[in-house]
Structure formats: structure tokens, C-alpha cells
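Commentary on secondary and tertiary structure
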Amino acid sequence: MSWTLFKANIKNNRLIWIIMTSIFSMYLIIIVSMYDPDGAEVLNEMLKTLPEGLVNALGFNEMGTTLLTFIAGYIYGFLVLLFPMVLSIIINHRIIGSLIDKGSMAFLLSTPNSRIRIAVTQALFSLFSITMLFLFSTIFSIIISGAMFPGLLDIGTFILINIYALLMYYAIGGIGFLASCISTESKYSLGLGIGIPVGFLLLQMLGGVGEKLSWIGNFSLYTLFDPNKLIEGEPFAFIGMALFLLIAIVLYGAGIAIFNKRDLSV
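Residues numbered from 1 in each chain as written. Predicted model: local features only at pLDDT ≥ 70, side-chain atom pairs only at ≥ 80, totals over all residues. Heavy atoms only, no water.

Section: the overall build of the protein
So the rule is basically this: Starting at the N terminus, helices and strands are each numbered in turn, a helix being any DSSP run of H or I of at least four residues and a strand any DSSP run of E of at least two. When a residue's accessible area, from a 1.4 Å probe over protein chains only, is under 20% of the maximum for its type it is buried; when over 50% it is exposed; and in between it is partly exposed. Residues count as neighbours in contact if any of their non-hydrogen atoms are within 4.5 Å of one another. For every accessible area listed, the method is Shrake-Rupley and the probe measures 1.4 Å; residues are considered covered only by the protein chains on display.
A count of helical and extended segments in the protein gives 11 helices and 0 strands. Here the protein holds 266 residues, and 49% of them are scored as buried. Counted over contacts in the protein with a minimum sequence separation of 6, partners at least 24 positions apart contribute 77%. Carbon and sulfur atoms make up 69% of the accessible area of the protein, which totals about 12600 Å².

A few points about the packing of aromatic side chains
The line we're drawing: Side-chain rings of Phe, Tyr and Trp, where Trp is taken by its six-membered ring, are said to pair if the distance between their centres is within 6.5 Å; with planes under 30 degrees apart they count as stacked, over 60 as edge-to-face, and otherwise as tilted.
Scanning the model with the defined rule gives 15 aromatic pairs in all. Ring geometry for F125 and F128: centres 6.3 Å apart, planes at 35°, overall tilted. Pair noted here: F125 and F128 are both in helix α7 (residues 115-148), with a separation of 3 residues, about one helical turn. Since its relative accessible area comes to 3%, F125 is described here as buried. An aromatic cluster of three or more residues is present, and its members are W3, F6, F125 and F128.

Points about the nonpolar core
Our working definition: Among buried residues, the Ala, Val, Leu, Ile, Met, Phe, Trp, Tyr and Cys ones that are joined through side-chain atoms within 4.5 Å form a nonpolar core.
Counting 73 residues, the largest nonpolar core has Y76, M105, F244 and F259 as its most contacted members. For this core, the secondary structure elements donating two or more residues are α1 (3-34), α4 (67-74), α5 (83-102), α6 (104-109), α7, α8 (155-182), α9 (186-207) and α11 (235-261). Among the elements that take part in this core, α8 stands out by supplying 15 residues, more than any other.

Side note on a nonpolar patch on the surface
For clarity, the cut-off: Each patch is built from residues lacking any salt bridge and having more than 30% relative accessible area; the joining distance is 9 Å for like charges and 5 Å for nonpolar side chains (Val, Leu, Ile, Met, Phe, Trp, Tyr). Salt-bridge detection follows one rule: a side-chain nitrogen of Lys or Arg within 4 Å of a carboxyl oxygen of Asp or Glu.
Taken together, I155, I159, L160, I163 and F238 make up a surface patch of nonpolar side chains, about 380 Å² in accessible area. Counting residues per element, the nonpolar patch draws most heavily on α8, at 4 residues.

Points about the environment of M105
Inspection of the secondary structure puts M105 in helix α6. The buried category is assigned to M105, whose relative accessible area is 3%. A sequence separation of 13 residues divides M105 from I118, and the C-alpha atoms of the two residues are 9.5 Å apart.

What about the side chain of D226?
Here is the rule: Note on charges: Lys and Arg go in the positive column, Asp and Glu in the negative column, and His and the chain ends are not counted at all.
Relative to the helices and strands, D226 resides in the loop between α9 and α10 (227-231). The buried charged residue D226 lacks any salt bridge, with K229 as its nearest oppositely charged partner at 4.2 Å. Not counting residues within four places of it along the chain, the set of residues in contact with D226 comprises Y164, F236 and A237.

Some points on the confidence of the model for the protein
What counts, and what does not: A score from 0 to 100, pLDDT tells how confident the predictor is in each residue.
For the protein, per-residue confidence averages 85 on the pLDDT scale, and 86% of positions sit at 70 or higher. Contacts for the low-pLDDT stretch residues 50-55, under 50 throughout, to residues beyond four places or in other chains number 6 contacts.

Remarks on the packing of α8 against α11
Our working rule: Note on geometry: axes are lines fitted to C-alpha atoms, helical ones only across the stretch in contact, with angles between N-to-C directions running from 0 to 180 degrees. Roughly parallel here means an angle under 35 degrees, roughly antiparallel means over 145, roughly perpendicular means 65 to 115, and every remaining angle is called oblique. By definition, any crossing whose near helix is turned counterclockwise from its far helix by less than a right angle is left-handed, and any crossing with a clockwise turn is right-handed. All amino acids are sorted into three groups, where Ala, Val, Leu, Ile, Met, Phe, Trp, Tyr, Cys and Pro are nonpolar, Asp, Glu, Lys and Arg are charged, and the leftover types, Gly among them, are polar.
The geometry of α8 relative to α11 is characterised by a closest axis approach of 8 Å and an angle of 25° between their N-to-C directions. Put simply, α8 runs roughly parallel to α11. As α8 packs across α11, the resulting crossing turns out to be left-handed. For the contact of α8 with α11, a count of residues per class yields 24 nonpolar, 4 polar and no charged.

Regarding the environment of V86
Structurally, V86 is set in helix α5. Among the residues examined, V86 registers a relative accessible area of 33% and is labelled partly exposed. C-alpha of V86 to C-alpha of I16: the two residues are 70 residues apart in sequence and 9.5 Å apart in space.

Points about the packing of α5 against α9
Running from amino to carboxyl end, α5 crosses α9 at an angle of 160°, the nearest separation of the two axes being 8 Å. Classified by the angle between their axes, α5 and α9 sit roughly antiparallel to one another. For the crossing formed where α5 meets α9, the hand is right-handed. Contact with α5, carried on its side by M85, I89, H93, G97 and D101, involves S186, S189, L190, G193, I194, P197, V198 and L201 of α9 and no other residues of that element. Grouping the amino acids of the contact of α5 with α9 by side-chain chemistry returns 7 nonpolar, 5 polar and 1 charged.

Set out below in C-alpha cells:
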């Protein structure tokens, strides 16, 4: 691993990390502040007045009455599929695809660092950036929840939900990383890095619209992520975690191997 390159990645990507983490944290504050221990059912009744297809597509059809299930429903039902995804797409394009397109990768390859070392460094930074987002948001949420509703949040299960979501984004990040490693031009790297995760999101939303289209959701990677099943202690969630981790290992490993063999001019 190259610490010089890793630190350069931090410097070059810190602004987008701060922006996306701040937006995600802002929504966490809003959702937590909306919780009313005595009136959670009222909000759920309000949701029933909206079109059923829209509510299901956004993943708001399984709202609980405890603080944990409330957060899991509103944040980890749909919003968690948006903001971290934007960060993952941008970071994974910048650390490989963008450098190749701008010619900066040729400079890196002319240094004493081997291709494997460069690729491993970029892969580790990809994982590091999304890990720090979830680490910050998890700690932040626990602090905010504790300040607003002392003792109401099941912290242990909440941490598990965030680990679950993090492993999902390791898999999503692997898609973007592999796309950058195999693409010859920036437009292809972005096209694959954006198109595949967004495609999964659209399949997930279509699958939630109604029973006739429910089968479509099975083709989405996001169907493996169900925080409510984790809360209920069902094996599905832990199987999903294992699969996300396996997918991430395969995709990042493939990306590193392909990058090492690519024909890149120096």
C-alpha cells in the first residue's frame, strides 16, 4: 500500500465526502426528530393516505413504532440507497477511471510503485471512504437519539443494521471499482459505475410497486438488504451480509487483477 497515494486520495476527495456525509446526517437528524413515542401510529396512518404503489416503491410500507424500527423504515428503507451510493460512485470513478482518462495514471505507473500496490491502495481507499461515512453517521445517530430520546434506541441492533448497510456498500463499491479498472474511457467507467447501481435501485422500486411486479425486485442486489428481518433476527439478513462480503471480495479482487494486466501506456 502507498501511504502517499492514500493521503492524496483523502485530500482530493474530502470535499465530496464531507458534503454527502453532511446531507446523510442531516436527514438522520430530521427523521429522528420526527419520531413521537406516543404518536408513531399517527404518522403510519398518514402514510396509508398516499398511493400504495408509491409507498411500497419507496420502502415506507413497513414502518415500526419503536425508535429503532422507525429509523430503519425511513432511513434504511430507501434513503440509505441514495446518498452513500452517490459517494461510492464518485469515489470509485475518481480513484481509477478518472486518473486513466486524464493521463495521471501514467504518472503513477512511472513511480516505483507496482500496479498491484497502486490498485490495492485505491481499493482500500474505496472501502475506507464508505466505512468512514457509516462510522460517522452511526455514532452521530446514537448521540442524537440519546439526546432526544434517552434509552429508547436499541444501540446494539442499530449498529448491526449499519454493518449490514456497510457490507452492502462494499458490494456496490466493488461494482464501481471494477468498472473503473476495466474501462478504457471515463464515460464507460461512469456509465457502468452509475448504470448498474441505479438499475438495481429501479428494479427494487418496481418490485415494490405491487404484487404483479414483485418478482422484478429479485433481480436487484438491494433485495438482499432488509433491516426489518435483521431486527426480527431472521437468518435472511445474515445470509445477505455474507453474500455482500463475498461479492465485494470477488469484485475488488477482479478489479485489482484486471488492472494489473491492463495495457496502459506509461
